[in-house]
Amino acid sequence: MSSDAVREVEVAVVGAGQAGLSAGYFLRRAGLGPGAGFAVLDHSPGPGGAWQYRWPSLTYGKAHRVHDLPGMPLGEADPGRPSAEVVAGYFARYERAFDLRVHRPVDVTAVREGGGGRLLVETDAGTWAARALLNATGTWDRPFVPYYPGQETFLGRQLHTAGYRGAAEFAGRHVVVVGGGTSAVQLLIELAEVARTTWVTRRPPVFRDMAFDEDWGRAAVARVEQRVRRGLPPQSVVSVTGLAATEAVRQARARGVLDRRPMFDRITPQGVAWDDGRTLEADVIVWATGFRAALDHLAPLRLREPGGGIRVEGTRVVKDPRVHLVGYGPSASTIGANRAGRAAVREIRALLAGAPSPGAQPREASLAG
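An account of the accompanying structure is given in this report. (Residues numbered from 1 in each chain as written. Predicted model: local features only at pLDDT ≥ 70, side-chain atom pairs only at ≥ 80, totals over all residues. Heavy atoms only, no water.)

### So, the sheet that holds strand E14 (residues 279-281)
Logical step 1: The three strands are arranged E12-E13-E14 in an open sheet whose pairing can be described as antiparallel. A single partner strand is all that each edge strand has here, and the edge strands are strand E12 (266-267) and E14.
Logical step 2: In the sheet, strand E13 (residues 271-273) pairs with E14 via three bridges, with the strands oriented antiparallel. Paired with Ala273 across the two strands is Thr279, which belongs to E14. (Pairing = 2+ DSSP bridges. Helix = DSSP H or I, 4+ residues; strand = E, 2+ residues; numbered from the N terminus.)

Next up, the structure:
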């Protein structure tokens, strides 16, 4: 089929990270097959979602816990292997096991209203006309760097964590790490082995010496969900939970690696400065300042609320029930992505039940399993 042909599909899934693969699994179990039933579109060159872009020195043992995808556990993995390799291999096996037939690399440029109640998913590989959309694009493609006066005058190097490839290139340098999340802590611990570091954050970091169990996780997710229900941009789950005081973190704190300074007020050619007269020379500024949801392709649907976010109930967009956001807001964590994929498919099944579904196959199993 030529790339300019319009392919009709019951459900289009945009993104093949944790949330997208989870959605594909539950679509399969709901009786939809790849092709006329659903299509998973992913812009990355290979399996692994955002994990495939993580810096090589972030080994599996140092990374956030990778929760199992539904239906197939990751199993044992060498903690010394790069997390990018471990997760990419796992996702590739998963795609094969459940025959998800991910289309890649495919860049989705826009989703707009089509005829007959369908959504047109426009890509560089043609257009899909879908009755429902499961958007699982995550945040990796939209690194966020806040602006500070003088930023453009800095003579050293500035980079976001998305562009970090390892500590070796910063040996002997003075690196200012900006941001209060887990990535900032991971980078500081690693960089301190070869460089002088300074940590700055807007708010004092909160380290929690406690188990981040499922009850705690549910409470944190609920707080994030309150924002998206009001149509506000989501906060990260980590911003609600605080930082885990792991053994590596406790050791780093004892060495002074995680002694934090308040956020600077401006950037100078030689470093950073505070309004009280303090200055600090630096060679590098690393912005560990997080990401924003990659949703620009949904702009033609006008889904945003006055508060700047997209209001969702569960995963369903309030302004357009054909659209579900998985891996957004409360479902941005790895365990939340699995649950969101399951919940979204339940609602989409109900939506599709309103008319014959030519892409459907005999139901294989209950979603209750």
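### Let's talk about the environment of Val194
Logical step 1: Along the polypeptide, Val194 turns up in the loop between helix H3 (182-191) and strand E8 (196-201).
Logical step 2: For the pair Val194 and His174, spaced 20 residues apart in sequence, the C-alpha to C-alpha distance is 9.8 Å.
Logical step 3: Val194 has contacts with Ala167, Phe170, Ala171 and Gly172, leaving out every residue within four places of it along the chain. (Contact = heavy atoms within 4.5 Å.)

### Digging into the pairing of strand E4 (residues 119-123)
Logical step 1: On E4, burial follows the alternation: Leu119, Val121 and Thr123 on one face are buried, whereas Leu120 and Glu122 on the facing-out side are not.
Logical step 2: As paired strands, strand E3 (residues 108-113) and E4 are joined by five bridges and run antiparallel to one another. Bridge pairing in E4 links Arg112 to Leu120.
Logical step 3: In this structure, the hairpin formed by E3 and E4 is closed by a connection of five residues, where Gly116 is found at a positive phi of approximately 65 degrees.
Logical step 4: As paired strands, E4 and strand E5 (residues 126-135) are joined by five bridges and run antiparallel to one another. Opposite Leu120, over in E5, you have Ala129 as the bridge partner. (Buried < 20%, exposed > 50% of the residue type's maximum accessible area, 1.4 Å probe, protein only.)

### Brief notes about the sheet that holds strand E6 (residues 157-160)
Logical step 1: Reading across from one edge, E6-E15-E7-E8-E11 is the order of the five strands in this open sheet, with parallel pairing throughout. Every interior strand has two partners, whereas the edge strands, E6 and strand E11 (260-262), have only one. The sheet shows a mean angle of 25 degrees between the axes of neighbouring strands, direction not considered.
Logical step 2: In the sheet, E8 pairs with E11 via three bridges, with the strands oriented parallel. The residue bridging Thr201 from the neighbouring strand is Pro262, located in E11.
Logical step 3: Of the strands in this sheet, strand E7 (174-178), E8 and strand E15 (284-287) touch H3, which is tilted by about 165 degrees from E8. (Axes fitted to C-alpha atoms, helices over the stretch in contact; angles between N-to-C directions.)

The quantities given are spatial measurements derived from coordinates; they are silent on function.
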